[in-house]
Amino acid sequence: MTDIKTTEAKLSSKAEIILLKIKHNRLLGNLRKIAKDIKKDHELALELWSTAEFLPRLLAVLILDKKRLSEDDLNAFTADMQTHDFNERNNLMDWLFANQLTKDKQKIALIESWANSPFALQRRTFWYYQGRLRWTGKTPPENTEDLLSLIEATITQEQAEVQWAMNFTAGWIGVFDEQYRDRCIELGKRTGLYKDEKVSKGCTPNYLPDFIRIEYNKRQKD
């Protein structure tokens, strides 16, 4: 397991310089520019993570060495994320997912084992991954029945971030798999999740009957 430093540990001068850069360039796009200059620096990433601050942790995610991330490390990172507010912790996990976990076959296998993780963020990632596979057309269809049955049985009991990801998966199942479409629409009607949600112009609502209709129709025009 990687030695994740505590906030009490004195930061290196390198880490202090990077923190000053972040302080003066707080846009997310600037974090990516800083990360591009650093490339990969696992020790620096752990120092930045140890600050417990949102932007340094986002940068840390970008420069971690995925080959040095163990399951214990990911559990520790996930537990740390829970100290952030709802939006920040989901953002941190999404960046970890996109920039580290999907880049490594072993990490993908780990994601696929998170359906019953004690961490809500890991369960959310499991479901988001399943939905993303369908969205990008890369998933084999064999597990769809099991996934949909599990969503139907548990979505109303799940935490908000997990509910969203389960709904996301059901939405894309409904869009791409005709045999399950009516079932997914009925799920949305039964749960009523996101029915009254307001979305920006041009955005697709999360309410399953609307989501499936809009996204399916988009693809008929292509």
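Residues numbered from 1 in each chain as written. Predicted model: local features only at pLDDT ≥ 70, side-chain atom pairs only at ≥ 80, totals over all residues. Heavy atoms only, no water.

Novice: Describe in detail the domain arrangement of the protein chain, supporting the description with residues and values.
Specialist: Domain annotation of the protein chain identifies domain 1 (11-104) and domain 2 (114-221). One C-alpha centre belongs to domain 1, the other to domain 2, and the line joining them spans 28 Å. The interface of domain 1 with domain 2 comprises 14 residues on the first partner and eleven residues on the second. Taken over both partners, the interface formed by domain 1 and domain 2 buries close to 1,100 Å², and the fraction arising from carbon and sulfur atoms is 67%. Taken together, domain 1 and domain 2 are joined by two salt bridges. Note that Arg89 is salt-bridged to Glu161, the shortest N-O span being 3.5 Å. The interface formed by domain 1 and domain 2 holds five residue pairs in polar contact (both at pLDDT 80 or more) in total. Counting only elements with at least two residues in the side of domain 1 that touches domain 2, the list comes to helix H5 (71-81) and helix H6 (86-99). Broken down by element, the side of domain 1 that touches domain 2 gets its largest block of residues, six residues, from H6. (Domains from an automatic or database assignment. Contact = heavy atoms within 4.5 Å. Buried area = accessible area lost by both parts, 1.4 Å probe. Salt bridge = Lys/Arg side-chain N within 4 Å of Asp/Glu carboxyl O. Polar contact = N/O pair within 3.5 Å; in protein donor to acceptor, adjacent residues only side chain to side chain. Helix = DSSP H or I, 4+ residues; strand = E, 2+ residues; numbered from the N terminus.)

Novice: Kindly report on the packing of aromatic side chains, identifying the contributing residues and their values.
Specialist: Considering all chains together, one arrives at twelve aromatic pairs under this definition. Here Phe97 and Tyr128 contribute two aromatic rings whose centre-to-centre distance is 5.3 Å and whose plane-to-plane angle is 75°, an arrangement assigned as edge-to-face. With Phe97 in helix H6 and Tyr128 in helix H8 (residues 120-135), this pair connects stretches of sequence that are 31 residues apart. Judged by its relative accessible area of 17%, Tyr128 is buried. Judged by centre distance (5.1 Å) and plane angle (85°), the ring pair of Trp172 and Phe211 falls under edge-to-face. (Phe/Tyr/Trp six-rings, centres within 6.5 Å; stacked < 30°, edge-to-face > 60°. Buried < 20%, exposed > 50% of the residue type's maximum accessible area, 1.4 Å probe, protein only.)

Novice: If you had to explain the side chain of Thr125 to someone new, which residues and values would you point to?
Specialist: In this structure, Thr125 sits in helix H8. Exposure remark for Thr125: the relative accessible area of 3% places this residue in the buried category. Ignoring anything within four residues of it in the chain, the contact list for Thr125 reads Met93, Phe97, Ile111 and Trp114.

Novice: I'd love a proper account of the packing of helix H3 (residues 42-50) against helix H4 (residues 54-63), names of residues and values included.
Specialist: Between H3 and H4, the shortest axis-to-axis distance is 8 Å and the interhelical angle comes to 160°. Looking at the two axes, H3 sits roughly antiparallel to H4. Handedness of the H3/H4 crossing: left-handed. Here His42, Leu44, Ala45, Leu48 and Trp49 of H3 lie close against H4, whose contacting residues are Pro56, Arg57, Leu59, Ala60, Val61 and Ile63. Among the residues making up the contact of H3 with H4, the classes are represented as nine nonpolar, one polar and one charged. (Axes fitted to C-alpha atoms, helices over the stretch in contact; angles between N-to-C directions. Parallel < 35°, antiparallel > 145°, perpendicular 65-115°, else oblique. Left-handed = near helix turned anticlockwise from the far one by under 90°. Nonpolar A, V, L, I, M, F, W, Y, C, P; charged D, E, K, R; others polar.)

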